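Chain residues, written in single-letter form:
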Amino acid sequence: MAPRRTKSSGPPPPAKTLVLDNGAYTIKAGLVGADTETPAPNIIPNCLARDRDKKVYIGSQLSSCKDFSEILFRRPVEKGYLVNWEAEKEIWEQEFFDPKASLHCDPAETGLILTEAPNALPALQTNCDQMAFEEFGFARYLRVAAPTLNAYTDIQSIFKSPPRDPASPPTLPAEILMLIDSGYSHTTIAPLLLGRPIQSAIRRLDVGGKLLTNYLTRLLSLRQYDMRNDTYLVNEIKEATCYVSKDFKADMERTWKGPKGDRRPVYETADGIAKDYVLPDYHGRAKGYVRDHDPKAATKLKELVKGKAMGASEDVLTLRNERFTVPELMFSPTDIGLRQSGIAQQVMDSLSTLPMGLWPGFLANIVVVGGNSNIEGFVFRLQAEIRSLAPAECIVRVARPADPVVNTWQGGANLAKDEEALGGLSVTRQEYEEYGAGWVARKFGGRL
C-alpha cells in the first residue's frame, strides 16, 4: 500500500501570495511575501468602461480617460456577488498576468487569497474555485468572506484606548469583533468570534454606495440638470459634498424653502449647508470642486431659468438638503420605501440571535470599513444610534480604521505573512485535483 501523503510531503508553499479584496467598485490588490515588507495595495477600478468615443478602458486604464461624460460601465460584481467571470477575467489578465503589469505574477508559483460576500450562493463559490485552479492555475488558494480578514488587523489600535504596550504584538485573529462593511453594493453586519463569522447572525442592508449615487442622480435630475448619463460625476459629487446629519429634523428646517410666495431668508445659504459644486467641462477643467454657495454668482443654470445672458462661464449645481438626505438612507431606508431597518437596528437584530453574555464584547468592538464609512459624520451618528438602542450597562465603541477602504486587504496581507495559519486554511492545487470541488467547498465552509 502506498504511504498516505501528508502536507509536509507536498510541494513547498509559494514564495508570494496575491491578496485580492475583490470589491464591486474597486479591487484592492497586492503581492505579499512571508519575509518581505508589506507594500501598499493597488486600488484598481473593477470595471470595463466605454466613453462616448467608443474607446474601451479595462481596470486601471480608466485613469487615462480624459472625458467621463456619458461614460458606460460594465461591472463583474452585481449586488455584491461575482457573477460575470468573462468581464472579471479580462480585468485580472490585464492587471496581474500581463508582462507589463505592475503586479505581474506567475499563478503556478503564487498563492491567492480572494474575498467574497458573506453567504454567497454555492454555485457562485464553485465558479470561483474552478476559475482559480482550472482557468488560472494558482498554486494555493483561499476563498474567504471579506469581513473575516478584518479580524487579522490590529483592532485595538483603531480604538486607541486603552493604550497597549508597543512591545507586545497584537493577538491575531481578534477574539471578538462586530464588523460593519458598507461598500458599493450593500452594507453587511458580521459578528466575528475568534476570527470566524457567526453565520446565523450576519445581516445585510441593501443600501450601498451605488444606491446612494443613483438616489442623488434622481434628485439632481429632478431639480437641476439631467445627470442620468453622468453617474460617475454624480458619485464624485456625493463623495465631495454629502455628510450624515447629527440632527436631521433641524437640518431639514434650515434648508426648507418656505411657503409659496414667502421664501425664508435662511434658505439661500441654509446656515452654511448650501454648497455649490462647479462641474468640470473636460477641456479647461478636468475635475469639479466644491465652494460655499454664493446667491449672487452668475451660472449657466440661472441663464437658462431667467432666459437672459448673465456672462456665466461655469456650470454649477447647488446642493442643499441633498447633502444629508442621501446618506440618511443608511439609517432610514424606509424613506424611499425599502422594507428594511437602518444600520443601528440591524446591529441589534444581529445581536438578538446571540447569547446575552457576548453582547458587551461585540458592542465595545464595533469597526466600520468600506467607502461609505468615509462620509463625514457617519461614525458619530452610528455610535449615537446604537447607544440609544443598546442596554444601558454596555459600553458602545465604534471606530473606523485610518483607511477603511483597504483595511480588509491589510488583514489579508497579515494572514499571508502567517504561513502556519494560511497553510491550515487554504487549499493547494494538488489537493483540489485529488479531492475535488466538493471537498474544497466543505473546507472553506468550515465543515471539515
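Q: Describe the overall build of the protein, and please don't skip the residues or the numbers.
A: Assigned secondary structure in the protein consists of 16 helices and 20 strands. A compact globule built from 448 residues would reach a C-alpha radius of gyration of about 22 Å, and the protein, at 24 Å, matches this within 12%. Across its three principal axes, the protein shows a C-alpha extent of roughly 95 × 60 × 40 Å. Evaluated residue by residue, the protein yields a buried proportion of 52% over its 448 residues. Taking as baseline every contact in the protein between residues at least 6 positions apart, the subset at least 24 positions apart corresponds to 64%. In the structure as shown, the protein presents an accessible area of about 21,900 Å², 52% of it carried by carbon and sulfur atoms.

Q: Any chance you could break down helix α1 (residues 85-97) for me, citing the residues and the numbers?
A: Each turn of an α-helix holds 3.6 residues, which means side chains three or four residues apart point in the same direction. Between its first and last C-alpha atoms α1 spans 16 Å; for 13 residues at 1.5 Å apiece the expected length is 18 Å, and the helix comes up short by more than 12%. Listing the buried residues of α1 in full gives Trp85, Ala87, Glu88, Ile91, Trp92, Glu95, Phe96 and Phe97. Here α1 starts with a cap whose side-chain oxygen sits 3.3 Å from the backbone nitrogen of Glu86, and that cap is Asn84.

Q: Break down the sheet that holds strand β3 (residues 42-45) for me, citing the residues and quoting the values.
A: Taken in spatial order, the 6 strands make up an open sheet running β3-β2-β1-β9-β10-β20, and their pairing is mixed. Both outer strands of the open sheet, β3 and β20 (427-428), are each paired with one neighbouring strand and no more. Seen against the sheet, helix α2 (residues 122-135) touches β9 (110-116), β10 (140-145) and β20 and runs at an angle of roughly 155° to β10.

Q: Pulling in residues and values, what's your account of the sheet that holds strand β5 (residues 56-58)?
A: Across a sheet, strands are paired by hydrogen bonds formed along the backbone, either parallel or antiparallel in direction. The 3 strands lie next to each other as β5-β4-β6, forming an open sheet whose pairing is antiparallel. What marks the edges here is a single partner per strand, and that holds for β5 and β6 (72-74). Mean inter-strand twist for the sheet, computed between neighbouring axes without regard to direction, equals 20°. Pairing of strand β4 (residues 48-50) with β6 involves 3 bridges; the strand directions are antiparallel. Directly across from Leu48, in β6, lies its bridge partner Arg74. The sheet strands contacting α1 are β4, β5 and β6, and the helix crosses β5 at an angle near 70°.

Q: Which residues make up helix α16 (residues 437-444), and what values go with them?
A: Those residues of α16 lying buried are Trp439, Val440, Lys443 and Phe444. One face of α16 carries all of its buried residues, which in axial projection span an arc of 130°. Buried residues along α16 sit against α2, β10, α14 (419-425), β20 and α15 (429-435). One or two steps after α16, the chain reaches Gly446, where phi turns positive at roughly 75°.

Q: Explain unusual backbone geometry residue by residue, including any values.
A: One non-glycine residue, Glu70, adopts positive backbone phi at about 60°. A relative accessible area of 42% means that Glu70 is categorised as partly exposed. Not every positive phi belongs to a glycine, and Asn119 is a case in point at roughly 60°. Summarising the element assignment, Asn119 is placed in the loop between β9 and α2. When its relative accessible area of 46% is taken as the criterion, Asn119 is described as partly exposed.

Q: Quick rundown of the nonpolar core? Include the residues and the values.
A: Core analysis: the biggest nonpolar cluster contains 57 residues, and Leu62, Ile237, Leu351, Phe378, Leu382 and Ile386 have the highest contact counts within it. With near-sequence residues (within four places) excluded, Leu62 lies in contact with Pro45, Cys47, Ala49, Tyr57, Phe68, Ile71, Phe73 and Tyr232. Counting 45 residues, the second largest nonpolar core, distinct from the first, contains Leu103, Cys105, Phe136 and Tyr141.

Conventions adopted
- Residues numbered from 1 in each chain as written.
- Predicted model: local features only at pLDDT ≥ 70, side-chain atom pairs only at ≥ 80, totals over all residues.
- Heavy atoms only, no water.
- Helix = DSSP H or I, 4+ residues; strand = E, 2+ residues; numbered from the N terminus.
- Rg over C-alpha atoms; globule rule 2.2 N^0.38 Å.
- Buried < 20%, exposed > 50% of the residue type's maximum accessible area, 1.4 Å probe, protein only.
- Contact = heavy atoms within 4.5 Å.
- Areas by Shrake-Rupley, 256 points an atom, 1.4 Å probe, with all protein chains shown as cover.
- Expected span 1.5 Å × (residues − 1).
- Polar contact = N/O pair within 3.5 Å; in protein donor to acceptor, adjacent residues only side chain to side chain.
- Pairing = 2+ DSSP bridges.
- Axes fitted to C-alpha atoms, helices over the stretch in contact; angles between N-to-C directions.
- Arc of directions from axis to C-beta.
- Core = buried A, V, L, I, M, F, W, Y, C linked by side-chain atoms within 4.5 Å.

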